Amino acid sequence: MAKVIVVTSGKGGVGKTTTSASFSTGLAMRGNKTVVIDFDVGLRNLDLIMGCERRVVYDIINVINGEVSLKQALIKDKSCDNLYILPASQTRDKDALNLEGVERILDELKLTFDFIVCDSPAGIESGAFTAMYFADEALVVTNPEVSSVRDSDRILGILAAKSKRAVDGLEPVKEHLLVTRYDPRRVNTGAMLSVTDIQEILRIPLLGVIPESESVLQASNSGTPAIHIEKSDVAEAYRDVVGRFMGEELPMRFINAEKVGFFKRLLGGH
């Protein structure tokens, strides 16, 4: 049975789209037929990060309006056979998304895909609500700062009360915590919340920690999901996230500051 997974947060700029791209790629790399949908109507960034912006001809709104078939709008990823992208529209208003149209698309995708990843826009307006509504599971993405965590807590409230599962009285949406842009050294100085602090506030299971890294920006600019960056902590962290999501028991990495040796300190290393 296909699973619908929303990647969400209350705050913008926390790494939802970066996560959606790498998480869906990681699932596909493991042999799962996966589609990732951009719900950020009016902005549309997923296709840039996936490196397929020049191949966008039709989008989710064209499909909802019955102007083209779903098959016409889907874009096959160049580097991963099992991965497809359904882009958002840059020219329409967010109100062009409606629950009935999205449900039709998801029902059709469920016939052929194992995982459907929904890349939610920030905030709690209609686009974000539509992305969350049909979710079976949610990756709640937060940065280690108070405002980001507080906004994520609000999203958890919406998932618990307003998702289709809540409305229909079914099992609640399964929630996973993903902490991005984490820097253990700044945590040690009190400049960032620790993973423990965040878990105490949100009280949902931790799926992974993505370290702060310039390589994420480099990957985005080159149209490559971060999980493809060779020999990078970020790629390793996203692979761990996918592994844990698939049920593997993996140690939680990248949460402790690297100890600096005596000679490195002597030479001015930090």
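Notes on the structure follow. Residue numbers restart at each chain and count upward from 1, following the sequence in its written direction. It should be noted that, the model being predicted, local features are given only for residues of pLDDT at least 70 and side-chain atom pairs only at 80 or more, the latter also being counted only at that level, while totals for whole chains, interfaces and linings use all residues. The basis for every side-chain value is the complete set of heavy atoms in the structure, and neither hydrogens nor water enter the calculation.

### Remarks on the overall build of the chain
Here's step 1: For the purposes of this entry, the term helix denotes a DSSP run of H or I that reaches at least four residues, the term strand denotes a run of E that reaches at least two, and both are numbered from the N terminus. Helix and strand content of the chain: 13 helices and 8 strands.
Here's step 2: What the globule rule says is 2.2 Å times the number of residues to the power 0.38, and the radius of gyration is computed from C-alpha atoms. Taken over C-alpha atoms, the radius of gyration comes to 19 Å for the chain, in line with the 18 Å a tight globule of 270 residues would show.
Here's step 3: Considering only C-alpha atoms, the chain reaches an extent of 65 × 40 × 35 Å along its principal axes.
Here's step 4: For the chain, the proportion of its 270 residues judged to be buried stands at 52%.
Here's step 5: In what follows, residue pairs with any heavy atoms lying within 4.5 Å of each other are defined as contacts. When contacts within the chain are restricted to residue pairs at least 6 apart in sequence, long-range pairs at least 24 apart make up 75% of them.
Here's step 6: Total accessible area computed for the chain in this model is approximately 13100 Å², and 49% of it derives from carbon and sulfur atoms.
Here's step 7: Where the 32 positive side-chain charges of the chain centre and where its 37 negative ones centre are 3 Å apart. Buried means the residue's accessible area, taken with a 1.4 Å probe over protein chains only, is under 20% of the maximum for its type, while exposed means over 50%, and partly exposed covers the values in between. Reported accessibility uses the Shrake-Rupley method at a 1.4 Å probe radius. Residues are deemed covered only where the shown protein chains occlude them. Under the convention used here, Asp and Glu are negative, Lys and Arg are positive, and both His and the chain ends fall outside the count. Think of each charge as sitting on NZ of Lys, CZ of Arg, CG of Asp or CD of Glu.

### Some details on helix α11 (residues 214-221)
Here's step 1: All of the buried residues along α11 are Ser-215, Val-216 and Ala-219. Each buried residue of α11 sits inside an arc of 105° when the element is viewed along its axis, so together they form one side. Away from its buried face, by an angle of more than 90 degrees, α11 presents the exposed residues Glu-214, Leu-217 and Asn-221.
Here's step 2: Looking at the buried side of α11, the elements it contacts are α1 (16-29) and α12 (233-245).
Here's step 3: Where α11 terminates, the next one or two residues include Gly-223, which has phi positive at roughly 70°. Arc, as used here, means the arc of the directions from the helix axis to the C-beta atoms.

### Side note on the pairing of strand β8 (residues 206-211)
Here's step 1: For β8, the buried fraction is high: 6 of the 6 residues fall into the buried class.
Here's step 2: Pairing between strands is defined by DSSP: at least two bridges between them are needed. Where strand β7 (residues 174-182) lies against β8, 4 bridges are found, and the strand directions are parallel. The partner of Leu-178 across the bridge, within β8, is Gly-208.

### With respect to the environment of Phe-115
Here's step 1: The residue Phe-115 is located in strand β5 (residues 115-119) in this model.
Here's step 2: In this structure Phe-115 comes out as buried when scored by relative accessible area, which is 9%.
Here's step 3: In sequence terms Phe-115 and Ala-2 are 113 residues apart; their C-alpha atoms lie 5.4 Å from each other.
Here's step 4: Ignoring any residue separated from it by four or fewer positions in sequence, one finds Phe-115 in contact with Lys-3, Ile-5, Leu-27, Asn-32, Lys-33, Thr-34, Val-35, Phe-245 and Met-246.

### Observations regarding the nonpolar core
Here's step 1: Counting 51 residues, the largest nonpolar core has Ile-60, Leu-109 and Ile-116 as its most contacted members.
Here's step 2: Among all residues touching Leu-109, those that are not within four sequence positions of it are Val-35, Ile-37, Leu-70, Leu-74 and Ile-116.
Here's step 3: We define a nonpolar core as any set of buried Ala, Val, Leu, Ile, Met, Phe, Trp, Tyr and Cys residues linked to one another through side-chain atoms lying within 4.5 Å. Core analysis: the second largest hydrophobic core is formed by 36 residues, Val-141, Ile-229, Val-241 and Val-242 among them.

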